[in-house]
Amino acid sequence: MHLVPSQSRQDFAVFALAVVAYVNTIPNGLVFDDLLLITEQSSVRSAFNWREIWFGRYWGEIWPHNVLYRPLTIWSIALNYSFNGLLGLSCSHTAGYHVVNLLLHAAVSTLVLRLGIALCIPSFASFAAALIFAVHPIHTEAVAAVTGRTELLAAGFGIGFILAHDHRHTALAAVLFALALFSKESAIAFLPVALLCVFSKDRARRDIMAFGLYGLVTVAWFALRASVVSGIVIPLDTLPLAESPTYVRILTALRVQVRYLGLQVAPVGLSSDYSMNQIPTVTTLLDPHIVVALCLGAGAAAIIVKTWRVSAIPTILILGYTITFLPTSNILLPIGTIMGERLAYTPSIFVCLGLGYAFDALRKMVSGYAVALLAALLVVFVWGTVDRNATWADPYTFSITQLKTAPNSAKANYNAGREHHIAGDVAKAVEHYRRALEIKPAYADALNNLGVAKRWQGALYEAVGYFKNAIYLAPGLASAHYNLGQTLRDMGDESGAMTSYRKALEIHPEYAEAANNLALIFVRQGDLDRARKLWERALQIRPDYTMARENLKRLDTVGN
């Protein structure tokens, strides 16, 4: 019996299964980073704002110290934003963003199939690998979160680059490689992976010469990125492992790699947060996770040595996984996160190809059992993925689920506190903010929000203390200055409130609420001209700001 369908049917099956697994993401809302990127990042508001998109940072001014440069991802989100406008929908209407992510993942899944074939992996193995990749629950963060699009685009264009080079389409490969780099910085790892594939096939010298062109693309990208992020210094306290000794950072990164591999094989206990202190740092080689990591490394090295002369495939899969994880592993350099499932998206390609290879070997021994086992695995993975997708349904569900999966994380407790705060349960919010500060005492955002909660409870002096501590830790936190101004105003300290509002506007010139409240003080001081200018400025920033419009209207009435 012929178990492997034709190429076109394989493509369709992989694409369709990916859609089935992720179609329930379409009704999801915007949560966490998605909300910030789509509602506050000015460069996504027009797909034709070329200068801001291609010569601006990924987070713009939302995070002043960010050095991420991902213009293609921003442009794709800006297209979604503009398309919503053309349809008469709210620009933050979520369905279009999720549909694009879904289709991108389905397309990447079919490219995994093509990559397997290009690497001379048997047809059944490549097909099984692509099916597993399409539905693997570890990919939910990359697909369900709009900001996960960086992973989808980088992986898609990265695989396309390897395939185009394999077919000797050098110019097309260079373009696809550039697009991968413009999607996410870590896509640079596809360059050594492509080189590895060339050597494994003992390709002609002119093939290797093409890497001169790819090198020029890399240099040009580096130069453009450097011109965009030059002069920006990343505070060490924003990089979780940066202030730890190098050996602690590397040991902790190895511990995390063991966790990643565990989730690849058995995706149980998935979480959207692995930040401090959910992943404890490692300080000794005797840690059980490090022992496992060293054993896995030794085993991988043994497989490479034993199989290289017989088949290059195991080597490509092992080194491909390692190389694509290196940029985000914290081994080479510290990055802004200790662990994130979205970071496993591209490395997962090689794990899934390895699983497909294993299923093919099993099929040759016990054909019926292997196919049945693969089918059962796919059903379990689809169920797990569909269930996990619901985590991104709305901010409240996201935050509460995050806390359940990461109870020792300061960020998870902070996010849960914020959602309880929004829901009006201030006491519960205070409880979670305090827990976040127990885990991470120098958490400026948690101090700021705890101050807001205390102000709501009427503990004004206590609130002032929290705001001042937040400002001490993060002088550029505009909301802390604004909230301090609000509290000082409540306490009758108009001069102090004015100073705080001005500082908030100095840090964040588009802070409409600070402009509105500062204008009210000017009115009480009789400086109507300055008040008018501030309200006009607030309305330029936010044309729908009803309070500023009403205040300006009252001012006009008084003037007449």
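Above this note sits the structure.
These numbers come from a predicted model, not from an experiment. (Residues numbered from 1 in each chain as written. Predicted model: local features only at pLDDT ≥ 70, side-chain atom pairs only at ≥ 80, totals over all residues. Heavy atoms only, no water.)

1. Focus: helix α6 (residues 123-135)
Under the 1.5 Å per step criterion, the end-to-end length of α6 is 19 Å for 13 residues, consistent within 8% with the ideal 18 Å. For α6, a buried count of 12 out of 13 residues is recorded, marking the element as mostly surrounded by other parts of the structure. Of the residues making up α6, those classed as buried are F124, A125, S126, F127, A128, A129, A130, L131, I132, F133, A134 and V135. (Helix = DSSP H or I, 4+ residues; strand = E, 2+ residues; numbered from the N terminus. Expected span 1.5 Å × (residues − 1). Buried < 20%, exposed > 50% of the residue type's maximum accessible area, 1.4 Å probe, protein only.)

2. Notes on the packing of aromatic side chains
All told, the structure shown has 18 aromatic pairs when counted by the stated rule. Aromatic pair Y69 and F182: ring centres 6.1 Å apart, planes at 80°, arrangement edge-to-face. Of this pair, Y69 sits in the loop between α3 (50-54) and α4 (71-86) while F182 sits in helix α9 (residues 170-183), placing them 113 residues apart in sequence. Summarising the burial analysis for this pair, Y69 and F182 share the class buried. When the ring of Y482 is compared with that of Y501, the centres are 5.8 Å apart and the planes differ by 40°; the resulting orientation is tilted. Of this pair, Y482 sits in helix α22 (residues 478-490) while Y501 sits in helix α23 (residues 494-507), and the two are 19 residues apart along the sequence. (Phe/Tyr/Trp six-rings, centres within 6.5 Å; stacked < 30°, edge-to-face > 60°.)

3. Some words on the nonpolar core
Residues F161, Y214, I349 and L353 are the most contacted members of the largest nonpolar core, which totals 109 residues. Top element by residues in this core is α6. It accounts for 11 residues. Dropping the residues within four chain positions of it, L353 is found in contact with V112, L115, G116, L119, I121, A129 and L317. Among the nonpolar cores identified, the runner-up in size contains 50 residues, and Y433, A444, A470 and A514 belong to it. (Core = buried A, V, L, I, M, F, W, Y, C linked by side-chain atoms within 4.5 Å. Contact = heavy atoms within 4.5 Å.)

4. Concerning the packing of α6 against helix α15 (residues 347-365)
Where α6 meets α15, the axes come as close as 7 Å, and the angle between the chain directions of the two elements is 130°. What the angle tells us is that α6 and α15 run oblique. Both α6 and α15 take part in a crossing whose hand is right-handed. Two secondary-structure elements touch here, α6 through F124, A125, A128, A129, I132 and F133 and α15 through S348, I349, C352, L353, L355, G356, Y357, F359, D360 and R363. (Axes fitted to C-alpha atoms, helices over the stretch in contact; angles between N-to-C directions. Parallel < 35°, antiparallel > 145°, perpendicular 65-115°, else oblique. Left-handed = near helix turned anticlockwise from the far one by under 90°.)

5. Section: the layout of surface pockets
What the second largest pocket holds in volume is close to 910 Å³. Looking at the lining of the second largest pocket, the elements with two or more residues in it are α12 (246-265), α13 (288-307), α14 (313-325) and α15. Per-element accounting of the lining of the second largest pocket gives the leading share, 8 residues, to α13. Its residues assigned to classes, the lining of the second largest pocket comprises 23 nonpolar, 6 polar and no charged. (1 Å grid on protein atoms, 1.4 Å probe; cavity = no way out; pocket = protein on both sides within 12 Å on 5 of 7 lines; lining within 4 Å. Points joined across faces, edges and corners; volume = space filled by probe spheres on them. Nonpolar A, V, L, I, M, F, W, Y, C, P; charged D, E, K, R; others polar.)

6. Topic: the pattern of salt bridges
Inspection of the entire model under this criterion finds 18 salt bridges. Taking the shortest distance from any N to any O, the salt bridge between R70 and E185 comes out at 2.8 Å. Highlighted residues: R70 in the loop between α3 and α4 and E185 in the loop between α9 and α10 (190-200), separated in sequence by 115 residues. Exposure remark for E185: the relative accessible area of 13% places this residue in the buried category. Through salt bridges that share partners, D360, R363 and K364 make up one connected network. (Salt bridge = Lys/Arg side-chain N within 4 Å of Asp/Glu carboxyl O.)

Nothing here speaks to function; it is all geometry.
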